[in-house]
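Notes for the structure review
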Amino acid sequence: MPYASSRSLTVYSSPARVAPAAWKRELARWGFKLPPELVRSARPAVARRFVEFFACRIRNRNTRLAYAHAVSRFLNELTERGVHDLARIRPTMVATYIEELGDELAPPSVKQHLAAIRTLFDWLVMGGALTRNPAASVRGPKFVVKRGGTPVLRADQARQLFDSIDASTVVGLRDRAIIAIMLFGFARVSAVVAMKVEDYYPDGSGWWFRFHEKGGKEHVVPVHRAAKVLLDHYLEATGICDEPTGPLFRATRGRTRVLGNGALTRSDVFRMVKRRAKAAGLPRTTCCHAFRATAITVYLANGGTIENAQAFAAHESSRTTRLYDRRKDELTLAEIERIVF
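Description of the structure in this document. Source: prediction; values computed, not measured.

The subject of this paragraph is the packing of helix α9 (residues 170-184) against helix α12 (residues 266-279). Packed helices, taken two at a time, are described by their axes: the angle between them and the distance between them. At a closest axis distance of 11 Å, the pairing of α9 and α12 adopts a crossing angle of 100 degrees. As judged from the angle between their axes, α9 and α12 are roughly perpendicular. Only Val269, Met272, Val273, Arg275 and Arg276 of α12 make contact with α9, whose side of the interface consists of Val171, Gly172, Asp175, Ile178, Ile179 and Met182. For the contact of α9 with α12, a count of residues per class yields seven nonpolar, one polar and three charged.

Okay, here's the thing in structure tokens:
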């Protein structure tokens, strides 16, 4: 995503001006229809620095949207409480807001909101727009995770899902291939929808997936033979092998069952997984990330090592990988039944 141009920044440097349609589209890319009132009424230097935070400081689009939502909510709430100057925000105001947010959101979400607020004000202080960060001393809720909450499918449930998808249509072939890559490739949904045709390629004696992960990292995983069969069927039906730079998984044109040239989004895949899971009679909690958790659990249960699972999943720490390991769940459930009266 390109950095904000100097022209777009002038939209914010004059609070009285209304952003033209072209710049409203730019704002939407950062998660705003318009900047919060507290920003629009601020000095030009403050408003400009605010925009630069989202346009320059945060490169991940999903993080940018999440932070934009958190910051907008916080600043709009303060405006409703009668605060009209960013410099007049006090640590107690931030602490009160975070405390109240805890009554509505889970601790991880509250911590993310606080991180967004704190990081934004750090940026404003470093740029000389403000003299201090009112969120610096505010502590978020404690949250320690020893067991992940992502649902894991049993082997028979995974087979049930694949068998329930109609493979006589190109959409069905596409959906099976997507699920196969998330399951057999340990892949995040964001990495799957970002794949190009050329990201499925032969090298040496086998085939590989190339994933573009968070933070601009490139990650390769060998292709499981089951995933290769399903993906080859999809590619043969679509005939897109001669478009190496085109998106691997494409959205349909309108309400037709014909694939277009545009790539699927994460939201498209999420809705597809929910729809397919419901049709297959799987739990309502089934989601895109469930396939990644299932892959890690099954791999470890079949003798795989935590180090290799970490490498396949592209986790920075093995502690993260262990959160997806549910092998002890069955043991725990069996042991608790020993309590007999």
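Right, let's talk about helix α11 (residues 225-238) for a bit. If you check α11, its first and last C-alpha atoms are 20 Å apart, about what 14 residues at 1.5 Å a residue would give, namely 20 Å. Tucked inside the fold, the buried residues of α11 contact α8 (155-164), α9, β1 (200-203), β2 (206-212), β4 (250-252) and β5 (259-263).

With that settled, the discussion passes to the nonpolar core. Among the nonpolar cores identified, the biggest contains 45 residues, and Ile181, Met182, Leu231, Tyr234, Phe249 and Val269 are the most heavily contacted of them. For this core, the elements supplying multiple residues, two or more each, are α8, α9, α10 (189-193), β2, α11, α12 and α13 (288-301). It is α9 that contributes the most residues to this core, nine residues altogether. Once you skip the residues sitting within four places of it in the chain, Ile181 turns out to touch Phe186, Ala187, Val192, Met195, Phe209, Phe211, Leu231, Leu248 and Phe249.

Moving on, we come to the pairing of β2. Note: β1 against β2, four bridges, orientation antiparallel. In the strand pairing of β2, Asp203 is matched with Gly206. Connecting β1 to the antiparallel partner β2 that follows it, the hairpin turn spans two residues, and Gly204 within it adopts a positive phi of roughly 70 degrees.

What counts, and where the lines are drawn
- Residues numbered from 1 in each chain as written.
- Predicted model: local features only at pLDDT ≥ 70, side-chain atom pairs only at ≥ 80, totals over all residues.
- Heavy atoms only, no water.
- Axes fitted to C-alpha atoms, helices over the stretch in contact; angles between N-to-C directions.
- Helix = DSSP H or I, 4+ residues; strand = E, 2+ residues; numbered from the N terminus.
- Parallel < 35°, antiparallel > 145°, perpendicular 65-115°, else oblique.
- Contact = heavy atoms within 4.5 Å.
- Nonpolar A, V, L, I, M, F, W, Y, C, P; charged D, E, K, R; others polar.
- Expected span 1.5 Å × (residues − 1).
- Core = buried A, V, L, I, M, F, W, Y, C linked by side-chain atoms within 4.5 Å.
- Buried < 20%, exposed > 50% of the residue type's maximum accessible area, 1.4 Å probe, protein only.
- Pairing = 2+ DSSP bridges.

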